[in-house]
Amino acid sequence: LLPAVNWVHVNSVARSPADGNLILSSRHQDWVIKIDYRDGAGDGHVVWRLGAGGDFAVQSADPDPWFSHQHNVHYVDGTTLVLFDNGNTRRASDPSAHSRGQVWTLDEQAMTATLVVNADLGSYAGLLGAAQRLSNGNYSFMLGANGPEPPVPPARTVEVTPDGTRVYDLAVNKVAYRSYRTRTLYEG
């Protein structure tokens, strides 16, 4: 038997609050794919593909704005996606490239994707990762491992302000698939 070929590798599925459709993070395709679900009434066709070679025109001053091998893609409101950009494709052409935390605003009528946060997280995680908008308006991104495969510790959680400034960095001597920040465990 041949070994299995993981050519899609979906690592997250999230619901669009605007229309009830689903978005899939297809890591090995470097795409976020919207599927016509409409809270169960859709027919399952592909609505659009976001990423290099996809259906959106990019609005960004970054010469290499598109994510690659991304994780934990989800909406934070009706038009805004947050994701962890592992950056494997950039890293292949630039060995000093770091993983990034990204926030994208989508205009599905004009088919434009505007990169509003593109935070350099200070190191590279070739696999694993998480993204989260915090209640204070900042973003938290988790690098689940250090370096390329195989995964090695530490995992790091980095908080950035909406302009991409790093304000918090926590390293844990473990590999982690996802992490989420909470305000407190002791609130009444």
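Computed from a prediction, not measured in an experiment: that's the story for all the values here.

## Quick notes on the environment of serine 179
Link 1 in the chain: Mapped onto the elements, serine 179 comes out in the segment after β13 (166-172).
Link 2 in the chain: With relative accessibility at 26%, the residue serine 179 sits in the partly exposed group.
Link 3 in the chain: Note: C-alpha distance between serine 179 and proline 148 (31 residues apart in sequence) is 19 Å.
Link 4 in the chain: In this structure, serine 179 is in contact with Ala130, Met142 and Thr157, ignoring residues within four places of it in sequence.
Link 5 in the chain: A distance of 3.4 Å separates polar atoms of two side chains, one belonging to serine 179 and the other to threonine 157.

## Comments concerning the packing of aromatic side chains
Link 1 in the chain: Inspection of the entire model under this criterion finds 5 aromatic pairs.
Link 2 in the chain: For the ring pair tryptophan 66 and phenylalanine 67, a centre distance of 5.9 Å and an interplane angle of 90° mean the geometry is edge-to-face. In this structure, tryptophan 66 and phenylalanine 67 share a single accessibility class: buried.
Link 3 in the chain: Between phenylalanine 67 and tryptophan 104, the aromatic rings sit 6.1 Å apart at their centres with planes inclined by 85°, giving edge-to-face as the arrangement. Here phenylalanine 67 is found in the loop between β5 (57-59) and β6 (71-75), whereas its partner tryptophan 104 is found in strand β8 (residues 100-107), with 37 residues between them in sequence.

## Section: the pattern of salt bridges
Link 1 in the chain: Going through the model one piece at a time under the given rule, you end up with 11 salt bridges.
Link 2 in the chain: Here aspartate 39 and arginine 15 are joined by a salt bridge, their closest N and O atoms 2.8 Å apart. With aspartate 39 in the loop between β3 (31-35) and β4 (46-50) and arginine 15 in strand β1 (residues 10-15), the pair connects residues that are 24 residues apart, well separated along the chain.
Link 3 in the chain: Across the pair arginine 27 and glutamate 149 runs a salt bridge, and its minimum N-O distance is 4.0 Å.

## With respect to the sheet that holds β3
Link 1 in the chain: Reading across the sheet, the 4 strands line up as β1-β2-β3-β4 and stay open at both edges, with antiparallel pairing between neighbours. The open sheet terminates on both sides in strands that have one partner only, identified here as β1 and β4. Shown here is a sheet whose adjacent strand axes are inclined to one another by a mean of 20°, direction ignored.
Link 2 in the chain: Direction of pairing for β3 relative to β4: antiparallel, over a ladder of 4 bridges. Looking across to β4, one finds that valine 32 is bridged to leucine 50.

## Notes on a nonpolar patch on the surface
Link 1 in the chain: A surface patch of nonpolar side chains, about 310 Å² in accessible area, is lined by Val167, Tyr168, Leu170 and Val172.
Link 2 in the chain: If you trace the backbone, valine 172 turns up in strand β13.

The rules behind these values
Residues numbered from 1 in each chain as written. Predicted model: local features only at pLDDT ≥ 70, side-chain atom pairs only at ≥ 80, totals over all residues. Heavy atoms only, no water. Helix = DSSP H or I, 4+ residues; strand = E, 2+ residues; numbered from the N terminus. Buried < 20%, exposed > 50% of the residue type's maximum accessible area, 1.4 Å probe, protein only. Contact = heavy atoms within 4.5 Å. Polar contact = N/O pair within 3.5 Å; in protein donor to acceptor, adjacent residues only side chain to side chain. Phe/Tyr/Trp six-rings, centres within 6.5 Å; stacked < 30°, edge-to-face > 60°. Salt bridge = Lys/Arg side-chain N within 4 Å of Asp/Glu carboxyl O. Pairing = 2+ DSSP bridges. Axes fitted to C-alpha atoms, helices over the stretch in contact; angles between N-to-C directions. Patch = residues over 30% accessible without salt bridge, like charges linked within 9 Å, V, L, I, M, F, W, Y side chains within 5 Å. Areas by Shrake-Rupley, 256 points an atom, 1.4 Å probe, with all protein chains shown as cover.

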